[in-house]
Amino acid sequence: MHANRTSPADPPGIAEPDGLPVDLTQHEIAALRTRFNLADAHTHQGQSPGQERIVADLPQIWHEAESAFQATCENDFVDAFFRLHGQHRARWMQRSMLSYAASVATVVVGTYLRRHRLTVALIEPCFDNLHDVLTDQGVPLHPLDEAALHDPDHIYKSLRRRVRTDALFLVDPNNPTGSSLLAHGTRGFEEVVRFCRDHDMLLVVDFCFAAFTLFDPILDRFDVYELLERSGVRYIAIEDTGKIWPTQDVKAALITASRDIQAEIYNINTSVLLNVSPFALRILTRYIEDSAADRLLSVRRVLDTNRDEARKALDGSFIELTEPVANISVAWARITHPELTATELQRRLALADVHVLPGRHFHWSDPTRGESHIRLALAREPETFASAMARMRELIDRDDPRP
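Residues numbered from 1 in each chain as written. Predicted model: local features only at pLDDT ≥ 70, side-chain atom pairs only at ≥ 80, totals over all residues. Heavy atoms only, no water.

So, on to the overall build of the protein chain. When helices and strands are counted, the protein chain shows 15 helices and 13 strands. Summarising its shape, the C-alpha atoms of the protein chain cover approximately 60 × 55 × 40 Å along the three principal directions. Taking all 403 residues of the protein chain together, the buried fraction comes to 57%. Across the protein chain, the fraction of contacts at a sequence separation of at least 24, relative to all contacts at a separation of at least 6, is 76%. Per element, the accessible surface of the protein chain, about 17100 Å² overall, is 50% carbon and sulfur. (Helix = DSSP H or I, 4+ residues; strand = E, 2+ residues; numbered from the N terminus. Buried < 20%, exposed > 50% of the residue type's maximum accessible area, 1.4 Å probe, protein only. Contact = heavy atoms within 4.5 Å. Areas by Shrake-Rupley, 256 points an atom, 1.4 Å probe, with all protein chains shown as cover.)

Moving on to the packing of helix α3 (residues 58–67) against helix α12 (residues 278–294). Between α3 and α12, the shortest axis-to-axis distance is 9 Å and the interhelical angle comes to 125 degrees. Classified by the interaxial angle, the pair formed by α3 and α12 is oblique. Between α3 and α12 lies a crossing of right-handed hand. Contacts between α3 and α12 pair Leu58, Ile61, Trp62 and Ala65 from the former with Pro278, Phe279, Arg282, Ile283 and Arg286 from the latter. Split into classes, the residues belonging to the contact of α3 with α12 amount to 7 nonpolar, no polar and 2 charged. (Axes fitted to C-alpha atoms, helices over the stretch in contact; angles between N-to-C directions. Parallel < 35°, antiparallel > 145°, perpendicular 65-115°, else oblique. Left-handed = near helix turned anticlockwise from the far one by under 90°. Nonpolar A, V, L, I, M, F, W, Y, C, P; charged D, E, K, R; others polar.)

Which parts of space are left empty comes out when a probe the size of a water molecule is rolled across the atoms. Inspection of the entire model under this criterion finds 2 cavities of 30 Å³ or more. Listed by contribution, the elements that provide at least two residues to the lining of the largest cavity are α13 (297–314) and β10 (330–335). Of the residues forming the lining of the largest cavity, the biggest block, 3 residues, is contributed by β10. Considering only residue class, the lining of the largest cavity consists of 6 nonpolar, 2 polar and 3 charged. (1 Å grid on protein atoms, 1.4 Å probe; cavity = no way out; pocket = protein on both sides within 12 Å on 5 of 7 lines; lining within 4 Å. Points joined across faces, edges and corners; volume = space filled by probe spheres on them.)

Structure, rendered in structure tokens:
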């Protein structure tokens, strides 16, 4: 498996004076070389029986893609994706644009924001490449603590008190915490949309982890695009396949914008790329259809197994898993050790070949706030994950100051 591969070469680009990676992606690159990689949120588990049949059909899929029109591959993929997600308004609008990855889609969004000199309130914590991509494009950013979105009775007032920007950029469900406005049914999103509409503010939402709210017994994704379109709010939404299926990073992202800005977003997108591989789209469509048939069971089973294993392995230690609203493919864990930071814990674990992500990079405006948390990736083969957690528990017990 990819997670078990090693390389003798040192990774380039470690630029901090103390030798630490400068961002989360550099942590993940280092972890890709190791067996116990619990760093990146990409999917490294094996194939389910249904997915194995897709792999067996790859030659046939290749020839199907080779003979099909590009537009047919795109339409089939977009239709299957939004059908799985229950986003029927997005299906009918047929305004979604494709990209190779969510990070590329974020570059497109950042270009639009920079062109219009928009200031942005960006949720915190979040994966630091959102901050980095937007900052590199010269977009002024201001932090918005995700706690402002936790109480539906106060979301509007909280946003009015905290947000003084031209645009609001959210991640839902949020990476790394699993927080989601869906905890409030439709009301949380309604309050955010109402605030943005009342204040003539652009709403940008990263939905890359939204698949983990599907077929959930407690919360489920409603037709968000119906709400957005009906409200008249200006918006840009980013969706992605990259965190869901074990496709060895064959993935695609989607950008959907409100009608008033869609043409300009389209022009920016076409300045970045021509098209996504029809072969990739055909593969992804098959994975989507497989998950629609089994209600994402093959994906959720792995994550549930590994989340339970993490709880069991860390029980009674100085690391506590926080309970997410949405059971996404990562776990956010709090360090209760009185003297140990996330940066130091990550370093000690990495020396023993166990890789997690330190929380400091997720708190992009004040990294010290993240030093009490680490993030563990769950999309791993359960046997490998269990071995990694056993090794992790052995290591943290050595540092436990309690008798």
